[in-house]
2 protein chains.
Amino acid sequence: MKLTILRHDLNEAIQNVSKAVSSRTTIPILSGIKVDATFGGVTLTASDTDISIQSFIPMETADKTIATVERTGSVVLPAKFFVEMVKKLPHEQVHIDVGERFQTMIRSGSTDIQLVGLDPEEFPVMPTVAEDQVISVPGDLLRDMIRQTVFSVTTNESSPILTGVLWNLHDGSFKFVATDRHRLASRVAPVESKDVRFSNVVISGKTLSELAKIVPDQNVMVDIVVAESQVLFKLGNVLFFSRMLDGTYPDTSKIIPTTFKTELVLNTKLLSDAIDRAYLLSREEKTNIVRLSTMEDGSIEISSSSSELGRVTEQLDASQLNGDPLRIAFNSKYMLDVLKVIDSEELFIGFTGAMSPIIIKPRDHDNSLHLILPYRTTN
Amino acid sequence: MKLTILRHDLNEAIQNVSKAVSSRTTIPILSGIKVDATFGGVTLTASDTDISIQSFIPMETADKTIATVERTGSVVLPAKFFVEMVKKLPHEQVHIDVGERFQTMIRSGSTDIQLVGLDPEEFPVMPTVAEDQVISVPGDLLRDMIRQTVFSVTTNESSPILTGVLWNLHDGSFKFVATDRHRLASRVAPVESKDVRFSNVVISGKTLSELAKIVPDQNVMVDIVVAESQVLFKLGNVLFFSRMLDGTYPDTSKIIPTTFKTELVLNTKLLSDAIDRAYLLSREEKTNIVRLSTMEDGSIEISSSSSELGRVTEQLDASQLNGDPLRIAFNSKYMLDVLKVIDSEELFIGFTGAMSPIIIKPRDHDNSLHLILPYRTTN
């Protein structure tokens with residue numbers, strides 16, 4: 001393999017695939033990035049077996065030559081060093097020349113690097129994915145759907161299926177659900193799916209967070225291919241493969257109340273600021289407990305207390321307050337997580353009693369729903 | 001104590017003094033900020049016994065009222081919570097009212113806080129500092145002098161005196177020296193000192209780093225008062241007290257060579273970039289060893305190698321190269337630390353052999369000098 005390539009394009013491709021390099025792998029070849037050069041272009045690949053990312057660098061764009069390949073071939077280069085070094089090379093032209101036993105020379109300006117390369121034959125092969133189930137989703141929407149649900153997955157590895165986000169697609173309605181048994185987040189969006197439908201597709205929350213980072217800022221369409229045990233995301237020249245999580249995701253539809261005994265409409269920002277201040281005190285008690293009470297004058301009170309520090313009390317006007325008076329306690333951190341992702345100036349909160357799930361929804365639309373279980377406290 | 005104060009000014013003063021609050025103190029009162037209100041203004045104080053910071057908030061400026069004091073008095077409030085909370089209060093007007101047993105009410109907009117205050121009598125008294133030894137230094141210069149030396153102090157607590165920066169002032173020449181026995185940094189600047197002189201004043205590197213953070217960005221003069229065992233910095237409305245370190249700082253003048261066998265003049269940026277690339281490989285070997293060799297054509301070569309990864313070689317043109325040929329090894333991290341603070345386009349490096357100290361100086365002026373001991377290697 002012998003080629004010359006522009007540093008900027010090489011660097012961009014490396015940054016994309018580097019998200020799949022595991023930092024604590026026991027399989028040495030997986031701490032590398034595979035470089036494949038053909039006369040059609042250069043492909044970089046990284047994999048930690050759960051996710052694999054492939055980035056293709058074409059030989060040229062309309063206005064410039066990016067790469068020239070003198071001799072085709074492949075090599076695996078140590079990722080950590082390669083990622084850092086390419087960023088810092090002194091010249092826009094980078095020459096890579098792989099010799100005997102994958103000994104690799106990288107030359108750029110007055111910099112000369114000899115690297116111990118590894119055998120590309122040892123690198124895992126990319127999964128083959130049948131492309132009959134394909135949907136297209138705008139990149140911005142995909143990022144939002146991830147952001148609005150992924151914080152509710154569990155980090156507790158003893159419930160592996162709950163470390164993922166559940167995907168369902170029926171009748172053109174694409175739905176994400178995440179829960180850690182104490183809270184639940186769901187987001188739905190219409191997609192042009194023709195006759196694609198699937199259920200119980202569960203993808204690791206960590207993987208989705210990594211994916212969100214490489215979805216381009218320009219709002220391009222992302223093709224999502226759902227196959228047997230893999231999901232493939234096509235982002236322009238980048239292919240992102242993710243393994244699905246094994247197991248059956250629990251049915252959460254029954255725990256979501258649809259009628260309420262107390263209903264509130266509040267300004268999202270004002271509620272968020274008030275809970276944030278109450279949280280400051282509650283976190284000193286480690287429990288993060290904050291109380292919400294309806295008042296006779298139609299306002300609400302948010303409060304927290306700490307035996308050592310004191311007490312914070314917040315008064316907040318409600319745009320609407322209907323139903324029974326209520327006094328309820330909840331984890332303020334969970335509530336703040338929800339308020340951060342609610343994309344509506346006002347929000348609806350529904351209660352069915354001090355011991356029953358709290359439902360939070362944006363007021364402008366029905367695209368998302370959040371549930372938080374209250375704390376059972378005695379006062 | 002009962003007062004009303006503008007949130008913005010209270011917050012600014014809190015942020016300044018909070019640098020002196022120790023996060024891991026065994027003396028509960030020191031985890032607080034003392035608030036003193038008189039009819040002349042409000043003073044905040046924090047102390048971790050090594051450093052103490054006092055910030056004064058005047059009752060008014062030319063164009064606005066900042067504080068109105070209804071009842072004078074003092075209280076100590078829990079710093080961590082107070083610092084975070086004042087930042088987030090909903091209204092510009094903050095009312096503070098201290099009642100029985102230092103129970104404190106803070107009210108701002110619709111937020112109501114009850115805080116358990118502590119007895120201000122238990123708070124340490126600020127040191128009294130005799131003001132006969134005073135110099136004035138521009139804030140920018142003081143920050144530069146700290147930044148250009150403080151990275152060379154030791155973090156090894158077994159040599160406490162070397163965790164500090166040595167200050168000397170003689171004949172209007174103000175000098176900072178820091179060393180960890182492997183490297184040394186010194187910086188000198190002329191100051192208008194009248195007949196002030198001192199020697200063996202040693203101030204903790206950590207303290208100076210904290211000080212540098214609160215020196216205002218506007219280039220105002222900082223008054224420095226050097227007393228028996230304390231140094232006091234006056235930064236406008238902020239007083240910063242620091243204890244001096246006990247002990248005698250070693251004499252470092254004799255280890256600095258003044259004649260050289262090999263002399264180099266190099267572009268600072270190009271050298272820094274080349275060593276940075278060589279460092280990337282050397283850090284994988286943990287030692288950070290990089291080699292510098294003079295070449296017959298008058299250029300120099302920078303290189304590093306790792307048995308596992310390979311080798312980086314950099315060619316660099318020298319603006320000047322005089323004297324004996326040389327091959328020397330050093331800690332590239334130490335050299336990068338120096339190159340970061342050299343404020344001159346070109347720099348001078350002097351060598352007196354592969355086993356002797358390396359001297360680095362800016363080429364434009366003689367204000368700073370850095371020394372790095374080489375590695376003794378066999379090849």
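Residues numbered from 1 in each chain as written. Chains lettered and ligands numbered in written order. Predicted model: local features only at pLDDT ≥ 70, side-chain atom pairs only at ≥ 80, totals over all residues. Heavy atoms only, no water.

**Brief notes about the interface of chain A and chain B**
For clarity, the cut-off: Whether two residues are in contact is decided by their heavy atoms: any pair within 4.5 Å suffices. A quick way to say it: buried area is the sum, across both parts, of accessible area lost when two parts are put together, with a 1.4 Å probe. Salt bridges are defined by distance alone: a side-chain nitrogen of Lys or Arg within 4 Å of a carboxyl oxygen of Asp or Glu. Put simply, DSSP H or I for four residues or longer makes a helix, DSSP E for two residues or longer makes a strand, and each gets a number counted from the N terminus. Residue polarity is assigned by list, with Asp, Glu, Lys and Arg as charged and Ala, Val, Leu, Ile, Met, Phe, Trp, Tyr, Cys and Pro as nonpolar; anything else, Gly included, falls into the polar class. Two strands pair if DSSP finds at least two bridges between them.
Taken together, the contact between chain A and chain B spans 29 residues of the former and 29 residues of the latter. A combined buried area of about 2,600 Å² lies between chain A and chain B, and 55% of that area is made up of carbon and sulfur atoms. Looking only at chain A, the three residues that lose the most surface to chain B are R277, L280 and L309 of chain A, adding up to 22% of its buried area. At the boundary of chain A with chain B, the tally comes to four salt bridges. Ionic pairing is found between K80 of chain A and E284 of chain B, a salt bridge with its closest N-O pair at 3.2 Å. Elements with a contribution of two residues or more to the side of chain A that touches chain B: α2 (79-88), β11 (111-116), α5 (268-282) and β23 (310-317) of chain A. A per-class count over the side of chain A that touches chain B returns 12 nonpolar, six polar and 11 charged. The pairing of β23 of chain A with strand β11 (residues 111-116) of chain B spans five bridges and is classified as antiparallel.

**Some remarks on the UniProt feature "domain: DNA polymerase III beta sliding clamp C-terminal" (unreviewed entry) in chain A**
Note the threshold: UniProt positions are given in the numbering used here, feature names are shortened, and annotations may be inferred rather than shown by experiment.
Under the UniProt annotation, "domain: DNA polymerase III beta sliding clamp C-terminal" (unreviewed entry) lies at residues 254-376 of chain A. Helix makes up 20% of residues 254-376 of chain A and strand makes up 43%, while its end C-alpha atoms are separated by 21 Å.

**So, the pairing of strand β20 (residues 262-267) of chain A**
Residue and element names in this part refer to chain A. Of the pairings in the sheet, the one linking β20 to strand β24 (residues 320-323) comprises four bridges and is antiparallel in character. Within β24, the position partnered with E263 by the bridge is N322. Bridge count between β20 and strand β26 (residues 346-351): six bridges; the pairing is antiparallel. Bridge pairing in β26 places N267 opposite E346.

**Remarks on unusual backbone geometry**
Generally, phi is negative for residues other than glycine and the peptide bonds are trans, each holding for most cases. Here is the rule: In this scheme, a residue with accessible area under 20% of its type's maximum is buried, one over 50% is exposed, and one in between is partly exposed, where area comes from a 1.4 Å probe on protein chains only.
Even without a glycine there, the phi angle at D171 of chain A is positive, about 50 degrees. Within the element layout of this structure, D171 of chain A appears in the loop between β13 (164-170) and β14 (173-179). Phi at R101 of chain B is positive, roughly 45 degrees, even though this residue is not glycine. Position of R101 of chain B among the secondary structure elements: in the loop between β9 (93-98) and β10 (103-108). Given the relative accessible area of 72%, R101 of chain B is considered exposed.

**Structural notes on the UniProt feature "domain: DNA polymerase III beta sliding clamp N-terminal" (unreviewed entry) in chain A**
This chain's UniProt record puts "domain: DNA polymerase III beta sliding clamp N-terminal" (unreviewed entry) on residues 1-127 of chain A. Secondary structure across residues 1-127 of chain A divides into 17% helix and 47% strand, with the first and last C-alpha atoms of the span separated by 24 Å.

**Quick word on helix α1 (residues 7-18) of chain A**
The following threshold applies: By definition here, a helix of n residues has an expected span of 1.5 Å times n minus one.
In a regular helix each residue adds 1.5 Å, so 12 residues correspond to 16 Å; α1 of chain A covers 16 Å between its end C-alpha atoms and thus fits that length. Within α1 of chain A, burial applies to D9, L10, N11, A13, I14, N16, V17 and S18 of chain A.

**Here's the deal with the domain arrangement of chain A**
Our working definition: Residue ranges for the domains trace back to a domain assignment, done automatically or taken from a database.
By the assigned domains, chain A splits into domain 1 (2-122), domain 2 (134-253) and domain 3 (257-372). Each of domain 1 of chain A and domain 3 of chain A has a C-alpha centre, and these two points are 51 Å apart.

**A few points about the relation of the copies chain A and chain B**
Threshold: Only residues with pLDDT of at least 70 in both copies contribute their C-alpha atoms to the least-squares superposition of the copies.
Between the two copies, chain A and chain B, the superposition gives an RMSD of 0.0 Å; the rotation angle is 180 degrees and the shift along the axis is 0.0 Å. Expressed as a symmetry operation, the mapping of one chain copy onto the other fits a two-fold axis. Interface overlap between copies is the fraction of interface residues in one copy that are interface residues in the other; for chain A against chain B it reaches 100%, indicating a shared surface.

**So, the packing of aromatic side chains**
Centre distance and the angle of the planes are the two values used to describe a pair of aromatic rings. Residue and element names in this part refer to chain A. Put simply, the test is: Each pair of aromatic rings taken from Phe, Tyr and Trp, with Trp reduced to its six-membered ring, is defined by centres within 6.5 Å and is described as stacked if the planes are under 30 degrees apart, edge-to-face if over 60, and tilted in the remaining cases. Whether a charge sits over a ring depends on NZ of Lys or CZ of Arg being within 6 Å of the ring centre and within 35 degrees of the ring normal.
On inspection of all chains with the given rule, the structure shows 14 aromatic pairs over all chains. Between W167 and F233, the ring centres sit 5.9 Å apart and the planes meet at 85 degrees, which makes this aromatic pair edge-to-face. With a gap of 66 residues between them, W167 in strand β13 and F233 in strand β18 (residues 230-235) connect regions that are remote in the sequence. In terms of burial, W167 and F233 fall into one category: buried. Among the aromatic residues, ring-to-ring pairing joins W167, F174, F176, F198, F233 and F240 into one connected group. One cation-aromatic arrangement involves R183 over Y334; the distance from NZ or CZ to the ring centre is 4.0 Å.

**Here we look at the pattern of salt bridges**
Residues and elements named next belong to chain A. A complete count under the given rule lists 48 salt bridges over all chains for this structure. A salt bridge links R363 to E346; its shortest N-O distance comes to 2.7 Å. In this pair, R363 sits in the loop between β27 (358-362) and β28 (368-372) while E346 sits in strand β26, placing the two residues 17 residues apart along the sequence. R363 gets classed as partly exposed once you look at its relative accessible area, which sits at 41%. Among the charged side chains, a salt-bridge network with shared partners connects D180, R183, K333, D337 and K340.

**Overview of the sheet that holds strand β7 (residues 67-71) of chain A**
Backbone hydrogen bonds are what pair the strands of a sheet, in a parallel or an antiparallel way. Threshold: Under this scheme, a helix contributes an axis fitted over its contacting stretch, all axes are lines through C-alpha atoms, and angles between N-to-C directions fall in the 0 to 180 degree range.
Pairing in this open sheet of nine strands is antiparallel, and the strands run β7(A)-β1(A)-β9(A)-β10(A)-β11(A)-β23(B)-β22(B)-β21(B)-β25(B) from one edge to the other. In this open sheet, the two edge strands, each paired with only one partner strand, are β7 of chain A together with β25 (327-331) of chain B. Taking each pair of neighbouring strands and ignoring which way they run, the sheet shows an average axis angle of 15 degrees. Sheet analysis places strand β22 (residues 299-306) of chain B next to strand β23 (residues 310-317) of chain B, joined by eight bridges and oriented antiparallel. In the strand pairing of β23 of chain B, S303 of chain B is matched with T313 of chain B. On top of the sheet, α1 of chain A reaches β1 (2-6) and β9 (93-98) of chain A; it is set at about 90 degrees to β1 of chain A, its chief contact. Each of β10 (103-108) and β11 of chain A together with β23 of chain B touches α2 of chain A; the most contacted strand, β11 of chain A, lies at about 165 degrees to it.

**Description of the side chain of Q230 of chain B**
With respect to the helices and strands, the residue Q230 of chain B is situated in strand β18 (residues 230-235). Apart from the residues lying within four places of it in its own chain, the contact partners of Q230 of chain B are P127, V129, V225, F241, S242, R243 and M244 of chain B.

**Some words on the sheet that holds strand β16 (residues 198-204) of chain B**
Residues and elements named next belong to chain B. Reading across from one edge, β16-β13-β14-β15-β28-β27-β26-β20-β24 is the order of the nine strands in this open sheet, with antiparallel pairing throughout. Strands with a single pairing partner mark the edges of an open sheet, and in this sheet they are β16 and β24 (320-323). Across the sheet, the axes of successive neighbouring strands diverge by a mean angle of 15 degrees, strand direction being ignored.

**A few points about the packing of α1 of chain A against α2 of chain A**
Residue and element names in this part refer to chain A. Operational definition: Any angle between 65 and 115 degrees counts as roughly perpendicular, while under 35 counts as roughly parallel, over 145 as roughly antiparallel, and the rest as oblique. In this scheme the handedness of a crossing depends on how the near helix is turned from the far one: anticlockwise by less than a right angle means left-handed, clockwise means right-handed.
Packing of α1 against α2 brings their axes to within 9 Å, and their N-to-C directions diverge by 150 degrees. In terms of orientation, α1 lies roughly antiparallel with respect to α2. The handedness of the crossing between α1 and α2 is left-handed. Of the residues in α2, those touching α1 at R7, L10, N11, I14, Q15 and S18 are F82, V83, V86 and K87.

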